[in-house]
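Here are the chains, one letter per residue:
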Amino acid sequence: MARAHQPRVLTIPAGLPFLKLLAARLIDGTLAPGYRYDTADPLSLSKVTILVPTRRAARVLRSEFVDLLGGRAAILPIIRPLGETEEDGAFFEADAPTLLDLAPPVSGTVMLLELARLILAWRNQLPAIVRSIHADTPLVAPASPADAVWLARALGELIDAVETEGRDWADLVKLDVRDFASWWQLTVEFLKIATAFWPARLEELMRSSPARHRDAMLKAEAQRIAGLEDGAPIIVAGSTGSIPAAADLIAAIAARRDGVVVLPGLDTTMPPEDWLKVGLEPEPGRPAEPASRGHPQYGLFRLLKHLKVERSEVEPLGTADDVLADRAEILSRALAPAASTDGWQAWRAGFGDERLHRAFAEVTLIEAANEREEATAIAIALRLALEEPGADGGESRVALITPDRALARRVTAELARFGIIADDSAGTPFSATQQGILTQLLLEATLRPGDPVPLVSVLKHPLARFGLSVDAYRTAADALEVIALRGGVQMVDLSTLPQLVEQRLAEHAVDRHPPQWRLSLEPEAIEGARDLAERIAHAVEPLVSVLVRIADGRVLTDKLALSDWAARTGRVLEAVCADERADLSALWSDEAGETLASQLGEILAADGKIEADGPQWIDIFGALTASEAVKPRAMRHPRVFVFGTLEARLQSVDMLVIGGLNEGSWPGQTTNNPFLSRMMKAEIGLEPPERRIGQLAHDFEMASGTRHLVYSRALRQGSAPTVASRWLQRLMALGG
């Protein structure tokens, strides 16, 4: 059946500033048919709706419109994130509350705790198949509540994958189990948590699954857009439709006469036969070839197929200059499907060495001896690039893109040597923030007493004040350390610090040959140490009060509900961090403090009761916060940026460093879900782990369109040699 109209699908090549060009083409009337910005009408742009992949892209696009308008008064277009990432998933809720009778989504921490509770209940009633497999030796899985949280994280990822792809759990029973071990029967029993118990638990909580909630919102928006009358342009730009529900929304926009789809970096130079290999369908009865999912154009291939648009029908919205166009063609050939690499030699002979050298004349490769040297070299390259003029004649803007957060932290530290304070937009792991470190140290010092290292680390922590001024606290902490913690061999416990101080002072009093440092202690410092010891014992009382000391010297703890542990931990943290005015802003006011408050609050709010002893609570808190990243509210430097791969999408700078180009980072290692093998996932229609590699490959391809470019890698990571990224290896092999 013939289409009602030809969808307007465009692409912006990798060598052009995506968001700036998008804004410029909308204003000059090139982008949307029948629309042109009217300079005499301040409301002209407000009729347009633009959807972009991320919130960062939305903010930058607004800035581009402001710059292009040159100070003229105007209401900007409606610019929103498409919701393809977890943090942007609820942006339609404000506009569509009446479209859905859907419960709010359950939060990530609550989901982990609820799934962990179900897993622990399953463990306590292991099915008969386990007893038959382990007739001679008992099996305990998971071994602890913390293990249950880690299993819950993996199970949650599988639930999200199944719901995102729109698959049915009933497909599990269709798997041919003859080729699988008897462990598969155990997996089937375990996955009943996801297929039966978890949906029932969500109904009890009056909550919905995050993935289903996001997809329902996207589908509702697609239905709303499909029902609108033709009029103001609706544009979706920069998305590859990686989520099926988002692809349906893009298709709904493409079906409109006033709809426009702008794809990021569609490869229009790839030979048609190679293009078909990107999305090669498997033979009947055979699973899909995972390697094809790792191609940078696979997502766009699948989206165009969903839109029923041929690649030849996609129009470029602009043309890169000859140098960047040649570089894009070289990258296209270098990252070609494996079945097409036999044509490299013939293509290279026809392309010519001169064009190849010209395309990479402004590209540098850094191969540092180790990670520290790589970070230093990147920082120097960024610093020197700031002195060069920008593409528009103004000040240059520079950035580092890397999925390796350890490298990002090293580079920000090296930049600080030059007085450049650059934030990592992908965020800092919560465990590496001041609040995360202090919480972990406090729990270790109170609930696993005996080791003086966590205790001293708490005393030295910059957030620790115990109700004293900065100067008074530092003086008292130094005195407490030298009096109570130096030279002794007994077990150290925060709750018994006052007794330990008095004991050590009594020993000092009868020492006939006291060391000089003891003689130099002023009486005021000794009294300060006594006072601080009392304050510390009082501050940690909510946690140490559950300790039980038995006759053989061991220390045990009572079992409490996680909500009780969270409340006690919060009270201890506040007692430790309060200053002389009882001000707690240092603990709670910044981004890491907000993350800590959110984590403790969600644990308090979780309805499912899990009980744990002290050491288990330490491990559970670490498992719950393992994937938390603390992102800055705003970037402190206006010209230097440190991006993760997601945050870098659609961003444009004058000089770019792609760092950490080693296997394991670019791309990351593929991991299989512990419950379903790769073959099982393929048989029920789930995407293989290589799909993520394809998304990263597209990010690499787009980033390589920056004119002044630096590739960087370290030859060793720790004490082990590294392997260069497969994409860098392909470039080197093709370019010679």
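Basis of the calculations
Residues numbered from 1 in each chain as written. Predicted model: local features only at pLDDT ≥ 70, side-chain atom pairs only at ≥ 80, totals over all residues. Heavy atoms only, no water. Helix = DSSP H or I, 4+ residues; strand = E, 2+ residues; numbered from the N terminus. Expected span 1.5 Å × (residues − 1). Buried < 20%, exposed > 50% of the residue type's maximum accessible area, 1.4 Å probe, protein only. Arc of directions from axis to C-beta. Core = buried A, V, L, I, M, F, W, Y, C linked by side-chain atoms within 4.5 Å. Contact = heavy atoms within 4.5 Å. Salt bridge = Lys/Arg side-chain N within 4 Å of Asp/Glu carboxyl O. Pairing = 2+ DSSP bridges. Axes fitted to C-alpha atoms, helices over the stretch in contact; angles between N-to-C directions. Phe/Tyr/Trp six-rings, centres within 6.5 Å; stacked < 30°, edge-to-face > 60°. Lys NZ or Arg CZ within 6 Å of the ring centre and 35° of its normal.

**Student:** How would you explain helix α21 (residues 497–509) if you had to name every residue and give the values?
**Tutor:** The terminal C-alpha atoms of α21 lie 18 Å apart, and with 13 residues this matches the ideal 18 Å at 1.5 Å per residue to within 8%. Within the span of α21, buried status applies to Leu-497, Pro-498, Leu-500, Val-501, Arg-504, Leu-505 and His-508. An end-on view of α21 places all buried positions within 160 degrees of arc, on one side of the element. Exposed side of α21, more than 90 degrees from the buried face: Gln-499 and Ala-509 are the residues found there.

**Student:** I'd like a description of the nonpolar core, backed by residues and values.
**Tutor:** Core analysis: the biggest nonpolar cluster contains 99 residues, and Leu-155, Leu-480, Leu-532 and Trp-617 have the highest contact counts within it. No other element matches helix α3 (residues 108–124), which puts 10 residues into this core. With residues near it in sequence (within four places) discarded, Leu-532 still touches Leu-459, Phe-466, Leu-468, Tyr-473, Ala-476, Ala-477 and Leu-480. Ranked by size, the runner-up nonpolar core spans 33 residues in total, among them Ala-359, Leu-696, Ala-697 and Ala-724.

**Student:** Tell me about the pattern of salt bridges, and name the residues and values.
**Tutor:** Evaluation of the coordinates by the stated rule reveals 38 salt bridges. With its nearest N and O atoms 3.8 Å apart, the salt bridge here joins Glu-362 to Arg-707. Here Glu-362, found in the loop between α15 (353–359) and β7 (363–368), pairs with Arg-707, found in the loop between α30 (690–703) and β17 (708–714); they are 345 residues apart in sequence, far enough to count as distant. Several salt bridges converge on common partners, so that one network encompasses Glu-114, Arg-117, Arg-201 and Glu-204.

**Student:** How would you explain unusual backbone geometry if you had to name every residue and give the values?
**Tutor:** Here Trp-666 and Pro-667 are connected by a cis peptide whose omega angle stands at -5 degrees. Along the polypeptide, Pro-667 turns up in the loop between β16 (655–658) and α29 (678–683). With a phi close to 60 degrees, Lys-308 is a non-glycine residue in the positive phi region. We classify Lys-308 as exposed; its relative accessible area is 64%. Residues other than glycine seldom take positive phi values, yet Leu-650 does so here, at roughly 70 degrees. Summarising the element assignment, Leu-650 is placed in the loop between β15 (640–643) and β16.

**Student:** Please give an account of the sheet that holds β15 that cites residues and values.
**Tutor:** Spatially, the five strands line up as an open sheet ordered β7-β17-β16-β8-β15, and their pairing is parallel. On the outer flanks of this sheet lie β7 and β15, each paired with one strand and no other. Sheet twist, expressed as the mean angle between neighbouring strand axes with direction ignored, is 15 degrees. Bridge count for β16 against β17 is four bridges, and the pairing is parallel. The residue of β17 that forms the bridge with Leu-656 is Leu-709.

**Student:** Tell me what's going on with the sheet that holds strand β1 (residues 8–12), and back it up with residues and numbers.
**Tutor:** Here six strands make up an open sheet; going across it, the order is β3-β2-β4-β5-β1-β6 and the pairing parallel. Strands with a single pairing partner mark the edges of an open sheet, and in this sheet they are β3 (78–81) and β6 (315–316). By the bridge criterion, four bridges tie strand β2 (residues 49–52) to β3 in an arrangement that is parallel. Bridge pairing in β3 places Leu-51 opposite Arg-80. Across the sheet, helix α1 (residues 18–27) touches β1, β2, β4 (234–237) and β5 (259–264), and the angle it forms with β5 is around 155 degrees.

**Student:** Tell me about the environment of Ala-533, residues and numbers included.
**Tutor:** On the secondary structure map, Ala-533 appears in helix α23 (residues 523–539). Apart from residues no more than four positions distant in its own chain, Ala-533 is found in contact with Leu-480, Leu-497, Pro-498 and Val-501.

**Student:** Explain the packing of aromatic side chains residue by residue, including any values.
**Tutor:** Here the structure, examined in full by the defined rule, presents 12 aromatic pairs. Centroid distance Trp-617 to Phe-621: 5.7 Å. Interplanar angle 55 degrees. Geometry classified as tilted. Taken together, the residues Trp-617 and Phe-621, both in helix α28 (residues 614–624) and four residues apart, mark about one turn of the helix. Comparing Trp-617 with Phe-621, the two get one shared label, buried. Between Trp-666 and Trp-727, the aromatic rings sit 6.3 Å apart at their centres with planes inclined by 75 degrees, giving edge-to-face as the arrangement. A residue pair is termed long-range when its members are at least 10 positions apart, and Trp-666 in the loop between β16 and α29 and Trp-727 in helix α31 (residues 726–735) qualify at 61 residues. Trp-727 carries the same exposure label as Trp-666, and that label is buried. Through a chain of ring-to-ring contacts, the aromatic side chains of Trp-666, Phe-700, Tyr-711 and Trp-727 assemble into a single cluster. The positively charged end of Arg-327 is found above the aromatic ring belonging to Phe-360, 5.8 Å away from the centroid.

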